[in-house]
Amino acid sequence: MIALAIDLGSNSIRALKIDCNRKETLGTFHKTVRTADGLNRTKKISKEALERIINALQEADRKLNFKSAKIRAVTTEALRQATNSKEILDDIKRKTGVEFKIIDGDNEARYALVATKYRLEKLNITPKNFVLVDIGGASTEIIFSYSSKTIFKSFSIGIVTLTQKFNSLEETQKNISKEMEDIKRFVDEVYQSSKKVEKFIAIAGTPTTIASLKLGFTYKTYNPNRIHGTVLSIEDLDIQLKKLLTMSKEEKIEAVGVGREDLIASGVLIFRELYKILGFNESIVIDDGIREGVAYSLCNK
């Protein structure tokens, strides 16, 4: 069977086509669509975001050929929050033929965990327990994986919504601890009831972008296979953020891609605060996420 997984996130749309029998990747697609742009203010997905999503799906179809595969398309926090999600998804289906399902936090965590465990095994990284962090555009998921249980929670803080909530990076920095108080309470409760985990695993755009910058890649030369397993220290975050802030707009676009250049700094602030909250000095970055988890689950089904 040929499986095609599509993940419409709050900032990006990602697709993966795989041959389930041969366990071979046949193609991938990634584009920044800023689904959650303006959501913090209007509580709606904008017409502009809808147009970007439809254009991206049509581009992905030309590249991956949707008709040749079994498709599972999912979407997350931005569409969970939006008051016009039904109209948006109906429009997408009418214009592209792709039917998205809004998944809840439980399934989001499950898909991310499936993908992460698969990649850790391939990397021969075998912690008995770990915490997985997924920093999205409109939400951040914290998932604790112990041998006998999984504890997770989704929080309504993401790189798009945080960027649009404050007027400057300085203001964001000043308020970041307060914005993440709920996450700290959750982590403290988990650590009180269960032991501290061995590893801190990070997925999604901000960690992979910082890993890419550390390794000297640009947006165009980005290589996911080189990103898997990259270790990032808190100092790495500070160094790369400082580099980003001194770049011109054109240099930022070359480094991180169009539509992301003003968001990564907020993502780094969230990421950095998570190191403090979780009590780690370094994390392991993986370039897999919900998209891969959906694809593997579709194959196994």
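The model shown is predicted, which means the values in this text are computed figures rather than measured ones. (Residues numbered from 1 in each chain as written. Predicted model: local features only at pLDDT ≥ 70, side-chain atom pairs only at ≥ 80, totals over all residues. Heavy atoms only, no water.)

**Student:** Honestly, the overall build of the chain in this entry has me stumped. Any pointers?
**Tutor:** Within the chain one finds 14 helices and 11 strands. The C-alpha atoms of the chain give a radius of gyration of 18 Å, which matches the 19 Å a tight globule of 301 residues would have. With the C-alpha coordinates aligned to their principal axes, the bounding extent of the chain is approximately 45 × 45 × 35 Å. Nonlocal contacts in the chain, meaning residues at least 24 apart in sequence, comprise 71% of its contacts between residues at least 6 apart. Carbon and sulfur atoms make up 47% of the accessible area of the chain, which totals about 14,200 Å². (Helix = DSSP H or I, 4+ residues; strand = E, 2+ residues; numbered from the N terminus. Rg over C-alpha atoms; globule rule 2.2 N^0.38 Å. Contact = heavy atoms within 4.5 Å. Areas by Shrake-Rupley, 256 points an atom, 1.4 Å probe, with all protein chains shown as cover.)

**Student:** Any chance you could explain the nonpolar core here in plain terms?
**Tutor:** A general tendency of soluble globular proteins is for nonpolar side chains to be buried together. One finds Ile6, Ile92, Phe100, Phe144, Phe200 and Leu274 to be the most contacted residues of the largest nonpolar core, which totals 78 residues. Among the elements that make up this core, the one with the highest residue count is helix 13 (residues 264-278) (10 residues). One finds Ala5, Leu16, Ile290 and Leu298 within the second-largest nonpolar core, a separate group that totals 14 residues. (Core = buried A, V, L, I, M, F, W, Y, C linked by side-chain atoms within 4.5 Å. Buried < 20%, exposed > 50% of the residue type's maximum accessible area, 1.4 Å probe, protein only.)

**Student:** I would appreciate a short explanation of the sheet that holds strand 8 (residues 150-155) in the present structure.
**Tutor:** Here we have six strands laid out as an open sheet, ordered 8-7-6-9-11-10, and mixed in their pairing. Single-partner strands in this sheet number two, and they are strand 8 and strand 10 (230-233). Each neighbouring strand pair of the sheet contributes to a mean axis angle of 25°, computed without reference to strand direction. The pairing of strand 6 (residues 130-135) with strand 7 (residues 140-145) spans six bridges and is antiparallel. Across the sheet, the residue bridging to Val133 is Ile142, located in strand 7. (Pairing = 2+ DSSP bridges. Axes fitted to C-alpha atoms, helices over the stretch in contact; angles between N-to-C directions.)

**Student:** Can you walk me through the packing of helix 7 (residues 169-179) against helix 13 in this structure?
**Tutor:** Packed helix pairs are characterised by how far apart their axes lie and by the angle those axes make with each other. Look at helix 7 against helix 13: their axes get within 10 Å of each other, and the N-to-C directions meet at 25°. With respect to each other, helix 7 and helix 13 are oriented roughly parallel. The way helix 7 lies across helix 13 gives a crossing that is right-handed. In this structure, helix 7 contributes Leu169, Thr172, Gln173, Ile176 and Ser177 to the contact, and helix 13 contributes Ala265, Ser266, Leu269, Ile270, Glu273 and Lys276. Across the contact of helix 7 with helix 13, the residue classes break down as five nonpolar, four polar and two charged. (Parallel < 35°, antiparallel > 145°, perpendicular 65-115°, else oblique. Left-handed = near helix turned anticlockwise from the far one by under 90°. Nonpolar A, V, L, I, M, F, W, Y, C, P; charged D, E, K, R; others polar.)

**Student:** Sorry if this is basic, but what is going on with the sheet that holds strand 5 (residues 100-102) here?
**Tutor:** Either a parallel or an antiparallel arrangement is found when strands of a sheet pair, and the pairing is made through backbone hydrogen bonds. Read across the sheet, five strands follow the order 3-2-1-4-5 without closing on themselves; strand pairing throughout is mixed. Each edge of the sheet is formed by a strand with only one pairing partner; in this case those strands are strand 3 (24-32) and strand 5. Across the sheet, the mean angle from the axis of one strand to that of its neighbour is 20°, orientation sign disregarded. As paired strands, strand 2 (residues 12-19) and strand 3 are joined by eight bridges and run antiparallel to one another. Within strand 3, the residue paired with Ala15 across the bridge is Phe29. Its contacts with the sheet place helix 2 (residues 47-64) against strand 1 (2-8), strand 2, strand 3 and strand 5, and it is angled at close to 155° to strand 3.

**Student:** How should the pattern of salt bridges be read in this particular structure?
**Tutor:** Between side chains of opposite charge, pairing is possible as soon as their charged atoms come close. For the structure on display, the rule yields 18 salt bridges. A salt bridge links Glu108 to Arg80, with the shortest nitrogen-to-oxygen separation between them at 2.9 Å. Separated by 28 residues along the polypeptide, Glu108 in helix 5 (residues 105-122) and Arg80 in helix 3 (residues 77-81) bring together distant segments of the chain. In this structure, Asp188 and Lys184 form a salt bridge, with 2.9 Å as the shortest nitrogen-oxygen distance. Taken together, the residues Asp188 and Lys184, both in helix 8 (residues 181-193) and four residues apart, mark about one turn of the helix. The class of Asp188 is partly exposed, set by a relative accessible area of 29%. In this structure Lys184 comes out as partly exposed when scored by relative accessible area, which is 41%. (Salt bridge = Lys/Arg side-chain N within 4 Å of Asp/Glu carboxyl O.)

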